[in-house]
Amino acid sequence: MARFGMVINLQKCVGCGCCTVACKAENNTRTRAGGQSHNWADLLIKTEGTFPKVMHTVMPVLCNHCSDAPCVAACPVTPKAVFKTPEGITMNDNELCIGCRLCQQACPYSNFELGDESLAGETYSVISFNAFERDTQPQWTDKTVMIQGVTSSGAETAKAAGAAIPALNRYASEEVKPIRKAGVVEKCNFCYHRTSNGMQPACVEICPSRARIFGDQDDPNSEIAKVLKAEKSFRLQEDKGTRPNVHYIRKYSARA
């Protein structure tokens, strides 16, 4: 059985944000309009100093899919609403989730400060909570049009697209009804609907500088296994004993 993981090459990362846009488009996570933005793929960005001596740092972050996941251990539901797949991906079952948010509290990567001096004080949240029924992109339910009889509304465009992957919307009559309901948690799932079918996560596929590598860490012939063998990598908060499956190599440089 494969043991999926990801390597992010910080030297190749240009901080363009394509990964975050691709994730949001693929998984239809909430925009900031009308409320909190849910970003399964996020960027920690920090600029320090005074011109011309300025330090700019970018670090892509996401769920670390820990081998010893505190969120899974904390879930009080039986069977678990937060669980591990055979490939090691940490998943959420929205039908079982009771919205207690104990997984959020247990996750050491939710709202934590990175120890790197260049990113001191910067935080991000791995696990998001859907407080509202329509915690997905509101534009895809909007029925207004810019030019009557000429342009389409967001709802018409969504319906015409016909996408129905697990994390996106499924369509009924004239309305776009999100699969994700209110009162449940959500997070990155390594695009399981794609990776379980031999595809790459959306953030990996879209990256213009190929800064992300995804695959089976236990397959010696895989690209990720070769990179981890050849490069010195680090993982976030390794001292917590969670054994993350997201690895970082090298260092971000705006001049690279």
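Reference entry: report on the structure contained in this document.

1. Remarks on the sheet that holds strand β14 (residues 246–249)
Strand order in the open sheet made by the 4 strands is β12-β1-β14-β13, with mixed pairing throughout. Two strands close off the open sheet at either side, each with one partner strand: β12 (212–216) and β13 (233–234). The pairing of β13 with β14 spans 2 bridges and is classified as antiparallel. Counterpart to Ser-233 in the pairing with β14 is Ile-249. Taken strand by strand, helix α7 (residues 223–230) contacts β1 (4–9), β12, β13 and β14, and its axis lies near 110° from that of β12.

2. Overview of the nonpolar core
With 47 residues, the main nonpolar core has Met-6, Phe-190 and Tyr-248 as its most contacted residues. When contributions to this core are tallied by element, the ones reaching two or more residues are β1, α1 (18–27), β2 (42–50), β3 (53–61), α2 (70–74), β11 (184–186), α6 (202–206) and β14. Sequence-distant contacts of Phe-190, defined by excluding residues within four places in its chain, comprise Phe-4, Gly-5, Met-6, Leu-62, His-65, Ile-89, Thr-195, Pro-201, Phe-214, Asn-245 and Val-246. Among the nonpolar cores identified, the runner-up in size contains 5 residues, and Val-7, Ile-213, Ile-224 and Val-227 belong to it.

3. Some words on α1
Counting buried positions along α1 yields 7 of 10 residues, so the element is predominantly enclosed. Buried within α1 we find Cys-19, Thr-20, Ala-22, Cys-23, Lys-24, Glu-26 and Asn-27. In this structure, the buried side of α1 is in contact with β2, α5 (192–195), α6 and β12. A positive phi of about 55° marks Asn-28, the residue just after α1.

4. Quick word on the pairing of β2
The pairing of β2 with β3 spans 9 bridges and is antiparallel. Paired with Glu-48 across the strands is Met-55, a residue of β3. Counting the residues that bridge the hairpin from β2 to β3 gives 2 residues.

Thresholds, definitions, all that
- Residues numbered from 1 in each chain as written.
- Predicted model: local features only at pLDDT ≥ 70, side-chain atom pairs only at ≥ 80, totals over all residues.
- Heavy atoms only, no water.
- Pairing = 2+ DSSP bridges.
- Helix = DSSP H or I, 4+ residues; strand = E, 2+ residues; numbered from the N terminus.
- Contact = heavy atoms within 4.5 Å.
- Axes fitted to C-alpha atoms, helices over the stretch in contact; angles between N-to-C directions.
- Core = buried A, V, L, I, M, F, W, Y, C linked by side-chain atoms within 4.5 Å.
- Buried < 20%, exposed > 50% of the residue type's maximum accessible area, 1.4 Å probe, protein only.

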